[in-house]
Structures are given as structure tokens and as C-alpha cells.
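# Structural characterization, general
Residue strings, one per chain:
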Amino acid sequence: MKLIILFILFLIFLTSCLKMDDFLYNPNVHPIDNYSLHNYKGEVDFRLSDSLKIADSMQHLFTIYSNLNGDIKRIYALYIGDIQRIATDTVILYCHGNKNHLDFYYPRIQLLSLTGWKHRFGVMSFDYRGYGLSEGKPSEEGLYADTEAAIKWLKEKGLTDDRLIIYGFSMGTAPATELSANWRHLKPAKLILEAPFASAEVFFQDAVGLALPGSYVMNLKIDNAKEIQKIQQPFLWIHGTNDNFISIKTHGEVVFRNYKGIKKYGLRVSGANHSDIQPILGFEKYNKIIEQFIVGNLNYDNLIKAE
Amino acid sequence: MNKIVIKVSLLVFIFVLYSCSSIRLIKPIKKGEKLITADIGGPLVIFSGAPIFLPLTSIGGAYGFTDNFSLQTSLHTTSLLFGTFHMESFANTNIKNFDRSGFSLNYGVYYFWGLRENIFSLYPAFDINYYRHYSNKNNYFYTSFSSLIELRNTKAFNEPIKQQIIPTLSFGHRWLKEKYEFGVELKYLNFIKDNTNIVVEYIAPFNKGSLGLYFSLSKKF
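In this text the structure is predicted, and so the values were computed from the model without any measurement.

### Thoughts on the overall build of chain A
- When you go through chain A residue by residue, the secondary structure sums to nine helices and nine strands.
- Expressed as a percentage of contacts within chain A between residues at least 6 apart in sequence, the contacts between residues at least 24 apart total 76%.
- Of the roughly 12000 Å² of accessible surface on chain A, 51% is carried by carbon and sulfur atoms.

### Quick word on unusual backbone geometry
- A positive phi is found at Leu37 of chain A, a non-glycine position, where the angle reads about 50 degrees.
- Within the element layout of this structure, Leu37 of chain A appears in the loop between α1 (2–14) and β1 (59–68).
- Backbone geometry places Phe206 of chain B, a non-glycine residue, at a positive phi of 60 degrees.
- Following the sequence through the fold, Phe206 of chain B ends up in the loop between β12 (201–202) and β13 (208–220).

### With respect to a nonpolar patch on the surface
Residue and element names in this part refer to chain B.
- A grouping of Ile95, Phe98, Phe103, Tyr107, Phe126 and Ile128 is seen on the molecular surface, where their side chains present a nonpolar patch of about 530 Å² in accessible area.
- Looking at the nonpolar patch, the elements that each hand over two or more residues are β7 (101–114) and β8 (119–133).
- Relative to the assigned elements, Ile95 resides in strand β6 (residues 84–97).
- The class for Ile95 is partly exposed, based on a relative accessible area of 48%.

### Some points on the packing of helix α3 (residues 140–156) of chain A against helix α4 (residues 173–181) of chain A
Residue and element names in this part refer to chain A.
- Viewed as axis vectors pointing N to C, α3 and α4 meet at an angle of 65 degrees, and their least axial separation amounts to 9 Å. By the angle between their axes, α3 is roughly perpendicular relative to α4. The interaxial crossing formed by α3 with α4 has right-handed handedness. From α3, Leu143, Tyr144, Thr147, Glu148 and Ile151 reach across to α4, where they touch Ala174, Pro175, Glu178 and Leu179.
- Of the residues contributing to the contact of α3 with α4, the split by class is six nonpolar, one polar and two charged.

Cut-offs applied
- Residues numbered from 1 in each chain as written.
- Chains lettered and ligands numbered in written order.
- Predicted model: local features only at pLDDT ≥ 70, side-chain atom pairs only at ≥ 80, totals over all residues.
- Heavy atoms only, no water.
- Helix = DSSP H or I, 4+ residues; strand = E, 2+ residues; numbered from the N terminus.
- Contact = heavy atoms within 4.5 Å.
- Areas by Shrake-Rupley, 256 points an atom, 1.4 Å probe, with all protein chains shown as cover.
- Patch = residues over 30% accessible without salt bridge, like charges linked within 9 Å, V, L, I, M, F, W, Y side chains within 5 Å.
- Salt bridge = Lys/Arg side-chain N within 4 Å of Asp/Glu carboxyl O.
- Buried < 20%, exposed > 50% of the residue type's maximum accessible area, 1.4 Å probe, protein only.
- Axes fitted to C-alpha atoms, helices over the stretch in contact; angles between N-to-C directions.
- Parallel < 35°, antiparallel > 145°, perpendicular 65-115°, else oblique.
- Left-handed = near helix turned anticlockwise from the far one by under 90°.
- Nonpolar A, V, L, I, M, F, W, Y, C, P; charged D, E, K, R; others polar.

Below is the structure:
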């Protein structure tokens, strides 16, 4: 009996060690030694043809410093467009998902730079701390700090609130939503969420089938469905109807429904899964929808509108 | 998001939860008899293209108050590693005896206490078991129908809960020795719930619920 009690006490001691939080980040599925961008030969969700290649002069890879409560890390960022025109251009800030690095997401970033016409909008993205070649270790607070560092850099180059569009994909919907709701250096003018998740808790409840609190296994506070309620800026939600990872019903629709701002648009992409919305929708159509949303005249047959 | 990493994380927790369906007493033990049990088991899933089950553990004990009434309590050790104090306590009683077979009933609760945020959850549950001895009079086969009851009406973001009862069908066998008891059980967990479009790929017929495999070893005192 003493042994059993000692064993249980040992397990209780260990409870201070285990939480699932760290499992949510997976920055090095395919590690890289340097960034290859268009020339990256590793796994990607889709590729664009060589004819759409971005000229080297319009593609800028650089580092910025991200300060998380004094923990300053050097993170890598990519800007596609003319940096000198940030003071007058509209810029899309792309917050990527939790897998891999900028090379993996490059086709998505490249596609956004074709919105309207090539380089009509500047596009910026970055690797969160611990991703790609960025220093540090991923964390929820790190996602927000690193995204804020990118916004701060844009502001220093002359960007203003009214010309910042923030776009989050999958895990990137968390910093995109957080910094639209609780903005610091710049207040994004519009928000685009692709395949957003409602909260970490919903993942558990979906899989387990019981209404158990997420805090039983994690400290993560990511809660897009709650934060979206604070957002007034126009909002575009895009989600694949066949998303077998982040369910459109229990995640995406909850986020969309909870938005209480001035204007929202929802696009359910029929037949699309988690990572293939762009090819299923068609690249041109995707670009058209993004462009129309940014300029304010979005008009698409299958769109859900609430103005 | 990376599906594999999320899946691993969720699998760990889901197995913890489903291991709460550990092997329970099917027949009451004798008056004054004590039993210490170790369980291992979980649902079957597809992971990286291959079927696996991630075995998680629980430990527990049982005591026979009368020849027809026993109490069993288990502590789910893997849950504890995640900061959740997770136990189950069940009573077992015979309700009908025949020559070589009989019906029995388990009733009790699962309880969870999140040690960090001090959140308590409770799930009542009951099992109806049918067992049958065969040529070896000690060993027996059995089948069980179990129901776990969700008392909450809503889940995250006040979404209504559409399924208040989580049913499970089990088929198992017990080998009884003088001092030890060994059990193996196949469960069909939550067999009415659609298991598509969630992070985990459960192995189950018709994309409903999940099949699970469980083992137990008990020592009598």
C-alpha cells in the first residue's frame, strides 16, 4: 500500500510537467538550412507555375526583432512588393499555420501577391519564433509577439491602420484574430480567416464527445470564437466544406456566427479540405474574392453576406 | 496546422478518457475479498496509415461487501500526468443467476478534477452485463451494454449537446486463477456517433464510434 501511495504522489509531482501545449507547434517537419522560397523542392500544398515567379527585386527576405516580455528573438520575415511603397500601398500580412516554415507557405504568399494584379498589394509574412530559421521556441504568446513585431516593422515603414489587411490560415488565425481584436501598433482595417478554429477546447470536445474543459490538458488560451466578438472591422471567412481537420461546422461556423462587427462575408468552398481551398476554388477566383473584399465590392454567387 | 502533431496530442488525451472505460467487475467478488487491478487499453485508430492503439493505464482496487455486492474504484494514472485527477467508482451486483450464466449490473460515476483550474466534472454511468461460464467452470465470456451520461446541456460557446448518452458495447473473457484474474475486452465505444471530420481517425464500422481493446490483470487478497 505504501508503494501505491508513493507512486500516486510521484504522479502528482509529475503533473506540474505535462501539458499538451508544446505538441501544438510543429515547426521542423522538414528542417531547412536556408530559405529557398520559389525554388523550394520540399512538400507544399500546391505550386504555382514558373510564369508567375516573383522577380528577385520584388522579394525581400530579412530579419526583425520580436520582443516577448524582454525575451528578444531574431525572426525571419518576407516582404513581396516594393518596400519603398509601403507608405502608400495596402499590405496583406499573412500569418501562416503551425507546420514548417516560409518555404512551405511560399506558394500561398506568392498567390496573394497576385491579387488584383501582380504586386497590387504588398504581402508580408514571417516565421514565428522557432519556425524556419527564426530563433527561439514557439509559444502562444510568442505567436502574438512575433505578429506584432511584423506589424511594428510595417508601421515604421509608413503603413497606416486603413491599409493593413491581416490574413490568418489555420493556426495563424489565432494571432490574426487576437491582434485585430486587441490591436497594439496598428489596427488592421480588415480581417481574413481561412479555416479558423474556434478554440483548442473544441478540438477536444469534438474528438472525445464529452463537454470536458480544455484546461484538463492544456494551458492554451487560444479562443478565436471569443475574440472575434470584439472585432468591428469587415471580416471574410473562408472554409472548406470537407475540412477533416478543423471542422467547418464546429469551428468555422461558430467563429463566423460569433462575429458581431459591421460587415461579414462567408465562403464555404464546396469539396475543399483543410489545405486545398485555393486549387479547389481556382487560383483566379480566389484572387478575385480577396481583391474584391479588400477594395470593398465583394460580390460572389455563393457568398454569405451580413452587412 | 500540422495534423500529425495535433493527432498525437489528442490521441494521448482521448486514450486517457477512453481508458476510463477500463475493465470493470462483471461478477461480484466474494465477501471480504480484495482485488488490486492494473488496466491497459484504448481505442484503435489509424495513425500514419497504420492501425495502432496507444496503451494507457489505470490502477484500482475492489472489495466484496457481501457475496452479491462489490465496490470497485480506479485511478487513471495517465490522466494524472496531465494534471487531471480522474477516477471511477462503481458498484457491482448480480441481478439474475442461472446455472452457468447470469446478469449483473454496474452503476457508478466517473469524476474528473482539473487540478490547475479546480474544475470538477462528473459522469454517471451504468452497465448491464450477461456472463456465461463454459466447460471450465471458473472462466467465462461476457457481453456488456454500457451508458455514460452527459449531464451538461451545452459545450463550448453554448453549442447544444445533441448526445446526452454515450453507449458502449463490450465483449470479453475472464480467466480466473486462485490468486489472479486476467481479462481481455473488445469495446465498441460510442457506436452511434459519427466519427468523420474530426482530428482523430478512429477504426470502427460505418464511421461510427471507435473500437477499443483492453487488458486487465488482478491479484486477489
